[in-house]
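# Close look at the chain arrangement
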Amino acid sequence: MIGIIDYNMGNIHSVNKAIQAMGEDTFVAVTAEGLDRCSKIILPGVGAFDDAMEELNKKGFTNPIKDLIAKGKIFLGICLGMQLLLEKSQEAKKNKGIGVIKGEVKKFSPSLGLKVPHMGWNNLKPLQNVCPLFKGLDHKAQVYFCHSYYACPDDKKVVASTTDYGVDFASVIWKDNIFGVQFHPEKSQEAGLIILKNFISL
């Protein structure tokens, strides 16, 4: 069973529907209770970093997420959900991140001369070919992005893939049982489904 964290900040319905379409049972968690019974956990996310951490803290998710990850639970952060795994964000005025990945979330610089948010289809450039999320994925595959900020992990070894948008940013991170994707796999057609299937099969 795949646990999906519902904290009023994620595209819960489309993620839930995508996982169920693969024949997997899901558990939409509005509190942390019951997440320990799930084989894997997904943290979706859309919106502002501060608001998201406010909701996670208020609903009592933050410490249980840390505990479950520390115990080896396989975890996937999607879009904002990936950014929340880091320690802090340039967007946030008051809240720190979950902090299981050392580093900061930064905003695309206006000096790049590109439209922000970065929205639409773009390529993945895998740096760790052994990352299990990439199994069977066409090297020319594109995925769907919608974000104004991007994760900058301190340890570049956790960056499994980059994407070019004026700067090479981390589009996939992987550290032990922690995975994060900056794009929306549930909106990325065949490539996204391959990535989600790979996550489910871990």
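Whatever comes next refers back to the structure up there.
The model shown is predicted, which means the values in this text are computed figures rather than measured ones.

What counts, and at which threshold
Residues numbered from 1 in each chain as written. Predicted model: local features only at pLDDT ≥ 70, side-chain atom pairs only at ≥ 80, totals over all residues. Heavy atoms only, no water. Core = buried A, V, L, I, M, F, W, Y, C linked by side-chain atoms within 4.5 Å. Buried < 20%, exposed > 50% of the residue type's maximum accessible area, 1.4 Å probe, protein only. Helix = DSSP H or I, 4+ residues; strand = E, 2+ residues; numbered from the N terminus. Contact = heavy atoms within 4.5 Å. Pairing = 2+ DSSP bridges. 1 Å grid on protein atoms, 1.4 Å probe; cavity = no way out; pocket = protein on both sides within 12 Å on 5 of 7 lines; lining within 4 Å. Points joined across faces, edges and corners; volume = space filled by probe spheres on them. Nonpolar A, V, L, I, M, F, W, Y, C, P; charged D, E, K, R; others polar. Phe/Tyr/Trp six-rings, centres within 6.5 Å; stacked < 30°, edge-to-face > 60°. Axes fitted to C-alpha atoms, helices over the stretch in contact; angles between N-to-C directions. Arc of directions from axis to C-beta.

## Description of the nonpolar core
- Ile42, Leu76, Leu124, Leu133, Leu137, Val172 and Phe183 are the most contacted members of the largest nonpolar core, which totals 35 residues.
- Mapped by element, the contributors of at least two residues to this core are β1 (2–5), α1 (12–21), β4 (74–78), β9 (142–147), β10 (149–153), β12 (168–175), β13 (178–181) and α5 (189–200).
- Once residues lying within four places of it in the same chain are set aside, the contact partners of Val172 are Leu124, Leu133, Phe134, Val158, Val159, Ala160, Ser161, Gly180, Val181 and Phe183.
- One finds Leu68, Ile69, Tyr149 and Ile173 within the second-largest nonpolar core, a separate group that totals 34 residues.

## Focus on the sheet that holds strand β3 (residues 40–43)
- Strand order in the open sheet made by the eight strands is β2-β1-β3-β4-β13-β12-β11-β8, with mixed pairing throughout. Either end of the sheet is taken by a strand with one partner, and the two such strands are β2 (26–29) and β8 (125–126).
- Where β8 meets strand β11 (residues 159–164), two bridges bridge the pair, whose relative direction is antiparallel. Among the inter-strand pairings, Lys125 is bridged to a residue of β11, identified as Thr162.

## A short note on the layout of surface pockets
- Quantified by volume, the largest pocket comes out at close to 200 Å³.
- Taken together, 15 residues line the largest pocket, and the ones lying closest to its centre are Gly47, Cys79, Cys146, His147 and Ser148.
- Mapped by element, the contributors of at least two residues to the lining of the largest pocket are α4 (80–83) and β9.
- Partitioning the lining of the largest pocket into residue classes produces six nonpolar, seven polar and two charged.

## Quick look at the environment of Phe179
- Mapped onto the secondary structure, Phe179 falls in strand β13.
- Sequence-wise, Phe179 and Leu85 are 94 residues apart; in three dimensions their C-alpha atoms are separated by 9.5 Å.
- Ignoring any residue separated from it by four or fewer positions in sequence, one finds Phe179 in contact with Ile74, Phe75, Leu76, Gly77, Leu85, Cys131, Pro132, Leu133, Ile173, Trp174 and Leu202.

## Structural notes on the packing of aromatic side chains
- Under the definition given, this model contains eight aromatic pairs.
- Taking 5.6 Å as the distance between ring centres and 85° as the angle between the ring planes, the aromatic pair formed by Phe108 and Phe169 counts as edge-to-face. Taken together, the residues span a long stretch of sequence, with Phe108 in the loop between β6 (101–107) and β7 (118–123) and Phe169 in strand β12 at a distance of 61 residues. When sorted by exposure, Phe108 lands in the same class as Phe169, which is buried.
- Ring pairing ties together the aromatic residues Phe108, Phe145, Tyr150, Tyr165, Phe169 and Phe183, which thus form one cluster.

## Considering the sheet that holds strand β5 (residues 86–89)
- The three strands are arranged β5-β6-β10 in an open sheet whose pairing can be described as mixed. Each having just a single partner strand, β5 and β10 make up the two edges of the open sheet. Strand-to-strand, the axes of this sheet are offset by a mean angle of 30°, without reference to chain direction.
- In the sheet, β6 pairs with β10 via five bridges, with the strands oriented antiparallel. Looking at the pairing, Lys107 lines up with Tyr149 of β10.

## A look at α1
- Buried within α1 we find Ile12, Val15, Asn16, Ala18 and Ile19. Taken down its axis, α1 places every buried residue within 160° of arc, on the same side. Facing away from the buried side of α1 by more than 90 degrees, the exposed set consists of His13, Lys17 and Ala21.
- As for α1, its buried residues are in contact with β1, β2, β3, β4 and α5.

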